[in-house]
Amino acid sequence: MFVSQPYRIDGTGRTASRTDPHAHARDMIEAVLFTAPGERVNRPAFGSGVYEMLFDANNQALETAADFLIRSSIQQHLADIVTIEALTVRRDEGLLEITLTYGLRGAEERVTETFTREI
């Protein structure tokens, strides 16, 4: 059983939990992607900082930097949980869309998830 991310209280007044390892991995990836470094007091290096790049001009260098930033953040914080297979980042009219194909450590199944945020 895994603690739900982000942390929340369930309907019974207890810590919310998940039993599905894929749902837990998705929650953890989302937390890394959309947390700014320095946002968590006890883990100042946690997060990807992808929001800092959102307002720069679209170009190949920015796409390459975003890819590197996201991959390295996930590897740094979740290397014991997931392995990244493919990653695409798309920004379009106030929407950030990150599509990630990953596998859980010790499992052969690959999962493709899309994480979106309005900017």
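The coordinates are above.
The text that follows walks through the structure, step by step, so that each part is easy to find.

Each value, and the rule that gives it
- Residues numbered from 1 in each chain as written.
- Predicted model: local features only at pLDDT ≥ 70, side-chain atom pairs only at ≥ 80, totals over all residues.
- Heavy atoms only, no water.
- Helix = DSSP H or I, 4+ residues; strand = E, 2+ residues; numbered from the N terminus.
- Buried < 20%, exposed > 50% of the residue type's maximum accessible area, 1.4 Å probe, protein only.
- Salt bridge = Lys/Arg side-chain N within 4 Å of Asp/Glu carboxyl O.
- Phe/Tyr/Trp six-rings, centres within 6.5 Å; stacked < 30°, edge-to-face > 60°.
- Lys NZ or Arg CZ within 6 Å of the ring centre and 35° of its normal.
- Pairing = 2+ DSSP bridges.

Check the secondary structure of the chain and you find two helices and five strands. In sequence order, the chain lays out its α and β elements as β-β-α-α-β-β-β. Across its three principal directions, the C-alpha atoms of the chain cover 45 × 35 × 25 Å. By residue count, 35% of the 119 residues in the chain fall in the buried class.

Glancing now at the pattern of salt bridges. This structure, assessed with the given rule, holds six salt bridges. With a closest N to O distance of 2.9 Å, Glu-113 and Arg-26 form a salt bridge. One end of the pair, Glu-113, is in strand E5 (residues 110-118); the other, Arg-26, is in helix H1 (residues 21-33), and 87 residues separate them in sequence. The exposure class of Arg-26 is partly exposed, given its relative accessible area of 22%.

Here the focus is the environment of Ile-70. Its location among the elements puts Ile-70 in helix H2 (residues 60-78). You can call Ile-70 buried: its relative accessible area is 0%. Spatially, the C-alpha atoms of Ile-70 and Thr-88 are 10.0 Å apart, while their sequence positions differ by 18 residues.

Moving on, we get to the packing of aromatic side chains. Overall, the coordinates contain zero aromatic pairs when judged by the stated rule. Looking at Arg-117, its charged tip hangs above the ring of Phe-34, at a distance of 4.1 Å from the centre.

Here we come to the pairing of strand E3 (residues 82-92). Two faces, one strand: in a regular strand the side chains alternate between the faces of the sheet. Examined bridge by bridge, E3 and strand E4 (residues 95-104) share ten bridges and lie antiparallel to one another. By the bridge assignment for E4, Asp-92 is matched with Leu-95. Between E3 and the antiparallel strand that follows it, E4, lie two residues; Glu-93 among them carries a positive phi value of about 45°.

Any functional reading would require information that these geometric values do not contain.
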